[in-house]
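One letter stands for each residue in the lines below.
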Amino acid sequence: MLGIIRQKVGAGCSSAMLQRIRPVASVCRSYSSSAKEMTVRDALNSALDEEMSADPKVFLMGEEVGEYQGAYKISKGLLDKYGPDRVLDTPITEAGFTGIGVGAAYYGLKPVVEFMTFNFSMQAIDHIINSAAKSNYMSASQINVPIVFRGPNGAAAGVGAQHSQCYAAWFAAIPGLKVLTPYSSEDARGLLKAAIRDPDPVVFLENELLYGESFPVSAEVLDSSFCLPIGKAKIEREGKDITITAFSKMVGYALQAAEILAKEGISAEVINLRSIRPLDRATINTSVRKTNRLVTVEEGFPQHGVGAEICTSVVEESFGYLDAPVERIAGADVPMPYAANLERLALPQVEDIVRAAKRACYRSVPLAASA
Amino acid sequence: MMAAWVRNSANIMINRFKSKMGSLGMTNFSSWSSSFTRTFPVVPASCAQNLRIPVGDFSNSPAHFRFCSYRFESGKAETLSDDGDANQVLDLPEGKVKFSYELSFISESAEERECCYRVLDENGKQILPSSYVEVSPELSVKMYSEMVMLQTMDNIFYEAQRQGRISFYVTTAGEEAINIASAAALAFDDIVLPQYREPGVLLWRGFTLQEFANQCFGNKADYGKGRQMPIHYGSNKHNYFTISSTIATQLPQAVGVAYSLKMDRKDACVVTYFGDGGTSEGDFHAALNFAAVTEAPVIFICRNNGWAISTPTSDQFRSDGVVVKGRAYGIRSIRVDGNDALAMYSAVSAAREMAVSEQRPILIEALTYRVGHHSTSDDSTKYRPVDEIERWKIERDPVTRFRKWIESNGWWSEKAEIEARNSARKQILHAIQEAEKVEKPPVADMFTDVYDCPPSNLLEQEKLLRETIKRHPQDYPSDVPV
Ligand SMILES: Cc1ncc(C[n+]2csc(CCOP(=O)(O)OP(=O)(O)O)c2C)c(N)n1
Ligand SMILES: [Mg+2]
């Protein structure tokens, strides 16, 4: 990551971090930049490990999660530590093990269901939407569904259309689900722990290309009681001229863009959404009312995307504050091409964000297309 | 009584296997009838028992098929080499496989269809010598009374739908024995994941007529707070999961619940019901496979009623029904006459004993017929002959058959019959009238339970709605408390 500056953010910190069930809404984290480094992979692995050790009802299931330690080694060491009853290798039947996970959650266990990628969750989407998301409501809370669906989401590299799609907007459209999108190791640890402890079904969208990346982590983040609130965005970098919203891998791109923009005298505020549902409309609108300009960034398709929802929120709540049209950067509106050059063109790049921000700030001539 | 019936149920199986095994020789079922409790974590299926199961059973097939049959004796792989050709086996991770020197395919079907276990004939006479689990006079009468209640409830609720008082209904007509007899054979702690044609199980567990009516009328007292269409009952306190409309999703979920019971070492099993149509969903296959692999204590009860809305079973599958699919997944299975309450009760009792004590799944295919229309949205005379419906309704009615049996035992009379039907009718009409009087769920109930605790966006929506109702009261139903 190029020159990411981590800022101390926000208002008062809560002391209620040990709360198991409902993470409080107004927690913020701060830490010094001289902290230890940790990869996102280790952050996820340690979060799983700690939650499994804290709560015997938590178990992990999915294809290759046990003996193989996970297709991306996220479950490394867990089979040895917790045994085959709690780290279940399943047959290749997403619809089957998702249904089994939902059933286990109905009846008191807290499953963490790993999809080898979220592309394969399409096989099981009925269980996620029609069962997990709706059962608490339909049964009038007689059946709650404390389950986590997790795995890599969005584009990896060179794996083509059927392995490279962002499902954030899909799941975020459904009441009853919570949808989390970690970016850094701090996010990964804090949000996965929150997801496992949460009484509702959580879709936890990781990114394969981030697994190996290292981020600084504070002692507090490393503490086993660490947990982040669901539904709260994080201002990764403060600024006054333009707001850039992003989630998952795109947060890194947005931060790089902000660095470039800073050199040209544009001060960009970068919001790491962290939670797509609930969406932290308050943080987004507060920022836009300050900067009066907005660029949204996501890897998914533009139509009915996360950016579309953010635009609507800002139009509804802060229209009078806007000094420029909202710029929406998204993946190209085509299935992901395999060829590396085309793939690059189909995904947002740092330059796209820089250009869009400049346009919004009237520093460059508008382009025909943003991607 | 327990010991007696376990032996009985084992004998049924022994006889069935003996008669089918022909030249395959001796079997040893002793370990089967001695029920044992397995400790957790469980041993792999292959060493769970020492019984010989004929895997390929083609004793009635042409000669070249017969040679393909082999016996499987777990833990004693060397006995495979009967012919002295000890090296002529393929050593695979899941066990050894013998070679055959004939170019032969496994037949797509057995020479004869799997038999159907039955105790009572169509006239309610006990077929001798049939083995079955004994039912006391009191239990028999209770089972019959509940079948009458179920029938009456169906008739009255169906009429209520026709009168426009409720939006939708599904009857259980023709499947009362499957409902009530299976429920009677279970323990209350056993967890039920139903499809939608099993309200009798809930009735048996003590869900009151008022509770049924409250759900169908979607009033404030409904446990689902009026959120689901009629007949989607559910009650935690009766260990009965809220019905899901999507076909077959309950099947893998049942395996998940069973896995949960297993982790908690509970002395209970899961029972899940589904139709013949449901077996075509991928979920059915995933559920059976997972249940076998995880050794989950779950009983799969398929109500094969011949129809899935307008699709006949011949368009649903080309196998010998559903029962044969059990073996393919390594699951012990039985086919039962679903219109014979005594057979149903016996089969489920035996299945439950095996599921709980041996921690294994069991598949039961109950043969029956959907006598009613699929639902109130259907007219089945458009796609099936009326005389077919009439034959099942009149000649094969499970309620009448069971009545004849208890009458022949001197436990029931014409007088008792009239009383039971009158009383059922009165109680149900009363429940409907009461349910209609209860007010609808309040506006607040629209926003609760989407999450464990409502997030800000929902609170805002609720506030907005209340303000709008206040401003335009004439546009909102007056019977919904704000
Ligand atoms: C996933 C899904 N697909 C289709 C339907 C529509 N549907 C409702 S009932 C039904 C037939 C089910 O037949 P069967 O399983 O035999 O049960 P029966 O009605 O005979 O009791 C169908 C296709 C559904 N509810 N869910
Ligand atoms: Mg059917």
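Just so it is clear, the structure is predicted and the values come from calculations on it, not from any experiment.

A. Broad picture of the site of ligand 1. All names here are of chain B. For ligand 1, the set of nearby residues contains 17 residues, the closest of which are Y196, R197, G277, N305 and W307. The separation between an oxygen atom of ligand 1 and a polar main-chain atom of G277 is 2.8 Å. Side-chain polar atom of H374 to an oxygen atom of ligand 1: 3.4 Å apart, as the coordinates give it. Protein chains shield 72% of the accessible area of ligand 1, which is 590 Å² for the free molecule. Looking at the shell around ligand 1 residue by residue, the class counts come to 5 nonpolar, 8 polar and 4 charged.

B. Main features of the domain arrangement of chain A. All names here are of chain A. Each assigned domain of chain A is listed with its residue range as follows: domain 1 (33-222) and domain 2 (234-360). With centres defined by C-alpha atoms, the gap from domain 1 to domain 2 works out at 26 Å. Tallying the contact residues gives 32 residues for domain 1 and 25 residues for domain 2. Its largest share of buried area at the contact with domain 2, domain 1 owes to C166, T181 and Y183, together 25% of the area lost on that side. At the boundary of domain 1 and domain 2, one finds 3 salt bridges. In this structure, E186 engages R274 in a salt bridge whose closest nitrogen and oxygen atoms are separated by 3.1 Å. Sorting the residues of the side of domain 1 that touches domain 2 by element identifies α6 (168-172), β6 (178-180) and α7 (185-197) as the ones contributing at least two each. Considering every element that reaches the side of domain 1 that touches domain 2, the biggest residue donor is α6, with 4 residues.

C. Here's a closer look at the coordination of the magnesium ion (ligand 2). Residues and elements named next belong to chain B. Protein coordination at the magnesium ion (ligand 2): the donors are D276 (OD), N305 (OD1) and W307 (O), at 2.1 to 2.3 Å from the metal. The sequence pattern describing where the donors of the magnesium ion (ligand 2) fall on their chain is D-x28-N-x1-W. Placement of D276 in the loop between β6 (270-275) and α9 (282-294) and of N305 in the loop between β7 (298-304) and β8 (307-308) is noted, with a sequence separation of 29 residues between them. Per residue, the accessibility class of D276 equals that of N305, and both read buried.

D. Layout of the interface of chain A and chain B. With 42 residues of chain A at the interface, the matching set in chain B holds 41 residues. Scanning the region where chain A abuts chain B turns up 0 salt bridges. Linking chain A with chain B are 15 residue pairs in polar contact (both at pLDDT 80 or more). Elements with a contribution of two residues or more to the side of chain A that touches chain B: α3 (94-106), α4 (125-132) and α5 (135-138) of chain A. With 9 residues, the single largest contributor to the side of chain A that touches chain B is α3(A).

E. Seen up close, the packing of aromatic side chains. Taken as a whole and assessed by the stated rule, the structure comprises 22 aromatic pairs over all chains. Centroid distance F207(B) to Y233(B): 6.2 Å. Interplanar angle 65°. Geometry classified as edge-to-face. Residue F207(B) is found in the loop between α6 (199-204) and α7 (209-217), and its partner Y233(B) is found in the loop between α7 and α8 (250-263); the two are separated by 26 residues along the sequence. With respect to class, F207(B) is no different from Y233(B); both count as buried. Each ring, one from F274(B) and one from F284(B), has its centre 5.5 Å from the other, and the planes form 50°; the classification is tilted. Of the two residues, F274(B) sits in strand β6 while F284(B) sits in helix α9, which places them 10 residues apart along the sequence. Note on accessibility: F274(B) and F284(B) belong to one class, buried. These aromatic residues form a ring-pair network of at least three members: F97(A), F115(A), F118(A), F149(A) and F171(A). The positively charged end of K142(B) is found above the aromatic ring belonging to W204(B), 3.8 Å away from the centroid.

What counts as what
Residues numbered from 1 in each chain as written. Chains lettered and ligands numbered in written order. Predicted model: local features only at pLDDT ≥ 70, side-chain atom pairs only at ≥ 80, totals over all residues. Heavy atoms only, no water. Near = heavy atom within 4 Å. Polar contact = N/O pair within 3.5 Å; in protein donor to acceptor, adjacent residues only side chain to side chain. Areas by Shrake-Rupley, 256 points an atom, 1.4 Å probe, with all protein chains shown as cover. Nonpolar A, V, L, I, M, F, W, Y, C, P; charged D, E, K, R; others polar. Domains from an automatic or database assignment. Contact = heavy atoms within 4.5 Å. Buried area = accessible area lost by both parts, 1.4 Å probe. Salt bridge = Lys/Arg side-chain N within 4 Å of Asp/Glu carboxyl O. Helix = DSSP H or I, 4+ residues; strand = E, 2+ residues; numbered from the N terminus. Donors = N, O, S within 2.8 Å, 3.2 Å for Na, K, Ca; no water. Buried < 20%, exposed > 50% of the residue type's maximum accessible area, 1.4 Å probe, protein only. Phe/Tyr/Trp six-rings, centres within 6.5 Å; stacked < 30°, edge-to-face > 60°. Lys NZ or Arg CZ within 6 Å of the ring centre and 35° of its normal.

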